[in-house]
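Working through the structure, step by step
The lines below spell out each chain.
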Amino acid sequence: MTHALKPGDMIGVLGSGQLGRMIAMAAARLGLRTHIYCPDPGPAFDVCARHTMAAYDDEAALAAFADSVGLVSYEFENVPAGTAAFLAARCPVRPGAKALATSQDRFVEKTFLNGIGIATAPFAVVDSLADLKTAVARLGRPSILKTRRLGYDGKGQVMIRNGHDLAQAFDTVGTAPSILEGFVPFAREVSVIGARGLDGAFAAFDVCENEHEEHILARTLVPARIDADTARAAMDMAGRIAAALDYVGVLTVEMFLVEEGGAQRIVVNEIAPRVHNSGHWTIDGAVTSQFEQHVRAICGWPLGSPRRHGRIDMHNLIGAQGHDWETLLQTPGVCLHLYGKHEARAGRKMGHWTRVTPEG
Ligand code: AMP
């Protein structure tokens with residue numbers, strides 16, 4: 001195995017949120033240590049062997065970080081390209097630059113997906129109000145104007161409905177380089193979380209069905225309400241995307257499930273080059289968790305089994321819902337995870353819980 005790590009070695013992770021925390025916990029279970037690098041303190045700092053608090057353009061701090069680890073991974077897709085390139089000159093960065101560049105820009109991402117034969121919403125580049133007018137004339141209403149970069153949880157986007165003034169929509173979002181997306185009349189939102197190893201092996205968890213509230217994931221159900229053939233096609237798409245990106249690690253593909261005339265089809269919304277909230281159930285509900293799978297993949301180890309232990313119901317604890325922890329501790333069958341955040345601000349992910357019901 002090229003560049004494989006051994007138990008006792010240190011992995012580096014950019015980002016100190018709950019995803020980094022759960023990666024570090026999975027790494028610890030496999031005898032690895034984690035060095036977290038982030039400009040701000042966060043829940044991952046509490047569970048790692050080392051941390052560095054420094055800016056993503058602090059070259060001295062980045063060089064010391066790279067020297068201390070066998071490889072670098074990350075918990076978020078907006079790692080600055082310069083940071084990734086600086087680190088990659090010193091140690092393996094997994095997933096690599098192609099995954100970051102593709103997933104950081106909605107136009108590049110959709111062009112890549114269409115190029116490997118995967119359907120997305122129809123889209124057009126919007127750099128000016130004139131572009132927006134032309135795009136709306138082509139894609140119709142409703143349609144969605146989104147910034148090409150740095151959007152998440154519905155931020156940096158505006159729905160253009162009948163009567164919506166285009167100049168106003170452009171001022172809200174379009175002054176940053178943007179795309180207009182045609183509206184996809186989906187029945188459900190689903191995701192596929194898969195992992196590709198250093199040897200090119202691929203393994204996906206079963207398709208997840210995701211419910212959002214105010215653009216934030218509220219609940220994940222597995223198995224998703226999806227035909228067996230469509231589920232296989234969705235998992236196969238994730239494998240093709242991973243292979244085309246030369247990917248190493250866990251990757252998430254967010255998808256729309258469209259139902260027309262009794263048939264189902266998949267339209268890909270976006271790629272997250274990382275572990276994902278819709279995969280948190282795998283800690284309690286699968287043979288190998290998404291976090292362990294990510295660690296195995298980036299370390300050059302064999303992938304684990306993604307097999308499910310039963311039917312899955314995962315709920316996020318958002319904002320004040322975090323105060324429910326005492327009740328949840330007393331609820332039979334609930335596996336509770338708290339991220340150790342002190343302040344339950346609105347919209348903040350405080351924890352999650354999972355219930356696994358054996359299938360008959
Ligand atoms: P995004 O930030 O691209 O993940 O979008 C946030 C949410 O907006 C998605 O989870 C969907 O619920 C909705 N959405 C985004 N794009 C579209 C689209 N083209 N058609 C319909 N709904 C969309």
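Residues numbered from 1 in each chain as written. Predicted model: local features only at pLDDT ≥ 70, side-chain atom pairs only at ≥ 80, totals over all residues. Heavy atoms only, no water.

1. A short note on the pattern of salt bridges
For the coordinates displayed, the defined rule picks out 20 salt bridges. Two residues, R148 and D105, come together in a salt bridge whose shortest N-O distance is 3.0 Å. Here R148 is found in the loop between β6 (143-147) and β7 (157-160), whereas its partner D105 is found in the loop between α4 (97-103) and α5 (106-115), with 43 residues between them in sequence. Across the pair E359 and R311 runs a salt bridge whose closest N-O atoms are separated by 3.8 Å. In this pair, E359 sits in the segment after β17 (349-357) while R311 sits in strand β15 (residues 311-318), placing the two residues 48 residues apart along the sequence. Given the relative accessible area of 45%, R311 is considered partly exposed. (Salt bridge = Lys/Arg side-chain N within 4 Å of Asp/Glu carboxyl O. Helix = DSSP H or I, 4+ residues; strand = E, 2+ residues; numbered from the N terminus. Buried < 20%, exposed > 50% of the residue type's maximum accessible area, 1.4 Å probe, protein only.)

2. A closer look at the nonpolar core
The biggest cluster of nonpolar side chains holds 52 residues, and the ones touching the most others in it are I11, L14, Y37, V72, L87, W281 and C299. Among the elements that make up this core, the one with the highest residue count is helix α1 (residues 18-29) (5 residues). In this structure, this core is formed jointly by two domains, domain 1 (10-93) and domain 3 (188-357), each of which donates at least three residues. Discounting residues that sit within four places of it in the chain, L14 has contacts with Y37, Y56, F65, V72, S73, Y74, E75, F76, V79, T83 and L87. (Core = buried A, V, L, I, M, F, W, Y, C linked by side-chain atoms within 4.5 Å. Domains from an automatic or database assignment. Contact = heavy atoms within 4.5 Å.)

3. A closer look at the environment of L317
Mapped onto the elements, L317 comes out in strand β15. Residues L317 and E292, spaced 25 residues apart in sequence, show a C-alpha to C-alpha distance of 23 Å. Ignoring any residue separated from it by four or fewer positions in sequence, one finds L317 in contact with G322, L328, L336, L338, R348, K349, M350, G351, H352 and W353.

4. Here's the deal with the sheet that holds strand β5 (residues 123-126)
Strand order across the open sheet formed by 4 strands is β5-β8-β6-β7, with antiparallel pairing between neighbours. Of all the strands in the sheet, just β5 and β7 have a single pairing partner and so form its edges. Pairs of neighbouring strands in the sheet enclose a mean axial angle of 20 degrees, with direction left out of account. Where β5 meets strand β8 (residues 178-182), 4 bridges bridge the pair, whose relative direction is antiparallel. Counted as the bridge partner of A124 is L180 from β8. (Pairing = 2+ DSSP bridges. Axes fitted to C-alpha atoms, helices over the stretch in contact; angles between N-to-C directions.)

5. Details of the sheet that holds strand β4 (residues 71-74)
In space, the 4 strands of this open sheet follow the order β3-β2-β1-β4, with parallel pairing throughout. Only two strands of the sheet have a single neighbouring strand rather than two, namely β3 (50-53) and β4. On average, adjacent strands in this sheet sit at an angle of 25 degrees to one another, irrespective of strand direction. Examined bridge by bridge, strand β2 (residues 33-38) and β3 share 4 bridges and lie parallel to one another. Each residue of the ladder has a partner; that of I36, found in β3, is H51. Strand contacts of helix α2 (residues 59-68): β1 (10-14), β2, β3 and β4, with the helix running at about 165 degrees to β2, the strand carrying the most contacts.

6. Describing the packing of aromatic side chains
Applying the stated criterion to the full structure yields 6 aromatic pairs. Plain terms: the ring middles of Y37 and F65 are 5.0 Å apart, the flat faces sit at 55 degrees to each other, and that makes the pair tilted. Here Y37, found in strand β2, pairs with F65, found in helix α2; they are 28 residues apart in sequence, far enough to count as distant. Overall, the relative accessible area of 0% leaves Y37 in the buried class. Ring geometry for F107 against F123: centres 6.0 Å apart, planes inclined by 70 degrees, an arrangement best described as edge-to-face. Residue F107 is located in helix α5, and its partner F123 is located in strand β5; the two are separated by 16 residues in the primary sequence. Its relative accessible area of 27% is what places F107 among the partly exposed residues. Among the residues examined, F123 registers a relative accessible area of 15% and is labelled buried. (Phe/Tyr/Trp six-rings, centres within 6.5 Å; stacked < 30°, edge-to-face > 60°.)

7. Things to note about the domain arrangement of the chain
For the chain, the assigned domains are domain 1 (10-93), domain 2 (122-182) and domain 3 (188-357). A separation of 29 Å is found between the C-alpha centroids of domain 2 and domain 3.

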